[in-house]
Amino acid sequence: MKSLVIIGLLCFGMTPEIGAEEPVTLRVLSYNIHHGEGVDGKLDLKRIADVILSVKPDLVALQEVDQQTTRTDKVDQPKVLGELTGMHVRFEKNIDFEGGKYGNAILSRFPIRAHKNVHLPNIDNGEQRGVLIAEIEIPGWSAPLRFLSTHFDYRRPDEERIASARRINELMEQSFSRNPAILAGDLNATPESEPLKILLDKWSLPDDKVYPTIPVDKPTRQIDYVLFRPAKSWTVSQVKVLDEKIASDHRAILVVLKSQAP
């Protein structure tokens, strides 16, 4: 009987959605690339790309990315990283820097339908920070996945990070509160900090463990994360801090998530 239904659909020009109910697995990486400069002082985007490709990610949130700045030899780093990884890429600046631009980027194995950059609160004239929000087309999903790449302020006390966390939560509630979303980046905050507590009012961590990402040689603190929402839409298969301590001054963190189509 099932075969007759499929034949009938095909006769009317319709393609049945085989396996539409199967969960989608997403390999998500967050990586502060330190504008491609390793702890050995070498600028090497190929090395950064090799780190990324080593875990075969579907989505990558990149921070500290240069575009045509003097310090990185006027290289368009987002374009080059897109070419080296074979992934779709989007970049947005948060500041002008040394004749070029500096900000966050996203790499995606899936098409990127749209993107926008939202500046985060700036306190005491610090470096302008932002969150890059992309709509990712996931096969079989009726609505896009929202994927966010961000980099919070590093200064103490936590005032600006707290304001940034609240702003990101507001964006979620205002724009797409019910749709699946993933937030990844360098939050410059540890798991027990107030900014994380605020984010966790709307987002979820993979588990209760701490995954140190800095200092890069012998990590003792976690400040890089992959978070997701709503919690009931996702299950976590793996969390891993990459064992690479030369290419950047941060270690990358990988989280493997599964979700049913929304």
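As a starting point, this report considers the structure included with it.

What follows concerns the overall build of the protein. A count of helices and strands for the protein gives five helices and eleven strands. The globule rule puts the C-alpha radius of gyration for 262 residues at 18 Å, and the 19 Å found for the protein is close to it. Dimensions along the principal axes, computed over C-alpha positions, put the protein at roughly 65 × 40 × 30 Å. Counting across all 262 residues of the protein, residues that qualify as buried make up 50%. Excluding contacts between residues fewer than 6 apart, the proportion of contacts in the protein whose partners are at least 24 apart in sequence is 68%. Within the structure as shown, the protein displays about 12500 Å² of accessible surface, and the carbon and sulfur contribution to it stands at 50%.

With that out of the way, let us pick up the packing of helix α2 (residues 45–53) against helix α3 (residues 77–85). One can describe the packing of α2 onto α3 by two numbers: an axis separation of 9 Å at closest approach and a directional angle of 50°. By the angle between their directions, the pair α2 and α3 is classed as oblique. Seen along the crossing, α2 lies across α3 with a hand that is right-handed. Residues L45, K46, I48, A49, I52 and L53 of α2 lie in contact with α3, whose contacting residues are Q77, V80, L81, L84 and T85. A class-by-class count of the residues in the contact of α2 with α3 yields eight nonpolar, two polar and one charged.

For the rest of this paragraph, the subject is the packing of aromatic side chains. Aromatic rings in a pair are described by how distant their centres are and how their planes are angled relative to each other. As enumerated under the stated definition, the model contains three aromatic pairs in all. Relative to Y102, the ring of F97 lies with its centre 6.1 Å away and its plane at 45°, an arrangement referred to as tilted. Chaining the aromatic ring pairs together yields one cluster made of W141, F228 and W234. Between the NZ or CZ atom of R229 and the centre of the ring of W203, over which it lies, the distance is 5.6 Å.

On to the sheet that holds strand β5 (residues 112–119). Hydrogen bonds along the backbone pair up the strands of a sheet, which may run parallel or antiparallel. Strand order across the open sheet formed by five strands is β5-β6-β7-β8-β9, with mixed pairing between neighbours. Whereas interior strands pair on both sides, the edge strands pair on one side only; in this sheet they are β5 and β9 (224–229). Direction aside, the axes of adjacent strands within the sheet are offset by 15° on average. Strand direction decides the pairing type here: strand β7 (residues 145–151) and strand β8 (residues 181–186), joined by six bridges, are parallel. Opposite L148, over in β8, you have L183 as the bridge partner.

Core analysis: the biggest nonpolar cluster contains 25 residues, and L26, I136, L145, F147 and I182 have the highest contact counts within it. Secondary structure elements with two or more residues in this core: β1 (24–32), β2 (59–67), β6 (130–136), β7, β8, β9, β10 (234–241) and β11 (253–259). Once you skip the residues sitting within four places of it in the chain, F147 turns out to touch V28, L59, V60, A61, I106, L132, I133, A134, I136, I182 and A184. Of all hydrophobic cores here, the second largest spans 22 residues; its members include I48, V60, L81 and A105.

Quick look at the sheet that holds β11 now. On the basis of which strands lie adjacent, the open sheet formed by six strands has the order β3-β4-β2-β1-β11-β10 and mixed pairing. This sheet does not close on itself; its edge strands, each paired only once, are β3 (88–97) and β10. In this sheet, adjacent strand axes meet at a mean angle of 20° when their direction is disregarded. As judged from the seven bridges shared by β1 and β11, these two strands associate in the antiparallel manner.

Parameters and conventions
Throughout this document, residue positions are counted from 1 along each chain, in the order its sequence is written. Thresholds applied to this predicted model are a pLDDT of at least 70 for local features of residues and 80 or more for the giving and counting of side-chain atom pairs; totals over whole chains, interfaces and linings are not thresholded and use all residues. Computation of side-chain values covers all heavy atoms of the structure but excludes hydrogens and water. Strands are runs of DSSP state E lasting at least 2 residues, helices are runs of H or I lasting at least 4, and numbering of each runs from the N terminus. Values of the radius of gyration come from C-alpha atoms, whereas the globule rule sets the reference at 2.2 Å times the count of residues to the power 0.38. Each residue is assigned to one of three classes by its accessible area relative to the maximum for its type, calculated with a 1.4 Å probe on protein chains only: buried under 20%, partly exposed between the two thresholds, exposed over 50%. The contact rule is simple, with two residues in contact once any of their heavy atoms fall within 4.5 Å. Computed with a 1.4 Å probe, the accessible areas rest on the Shrake-Rupley method; for each residue, only the protein chains presented here act as cover. The axes used here are C-alpha line fits, helices contributing only the stretch in contact, and every angle between their N-to-C directions lies in the interval 0 to 180 degrees. An angle counts as roughly parallel when it lies under 35 degrees, as roughly antiparallel when it exceeds 145, as roughly perpendicular when it falls between 65 and 115, and as oblique in every other case. Less than a right angle of anticlockwise turn of the near helix away from the far helix marks a crossing as left-handed, whereas a clockwise turn marks it as right-handed. In this classification, Asp, Glu, Lys and Arg are treated as charged, Ala, Val, Leu, Ile, Met, Phe, Trp, Tyr, Cys and Pro as nonpolar, and every other residue, Gly included, as polar. Note on ring pairs: Phe, Tyr and Trp rings are taken, using the six-membered ring of Trp, and paired if centres are within 6.5 Å. Classes follow the plane angle, with under 30 degrees stacked, over 60 edge-to-face and the rest tilted. Comment: the charge-over-ring label is applied if NZ (Lys) or CZ (Arg) is within 6 Å of the ring centre and within 35 degrees of the ring normal. Strands were regarded as paired on the criterion that DSSP finds at least two bridges between them. Nonpolar cores were defined as sets of buried Ala, Val, Leu, Ile, Met, Phe, Trp, Tyr and Cys residues, with membership established by side-chain atoms within 4.5 Å.

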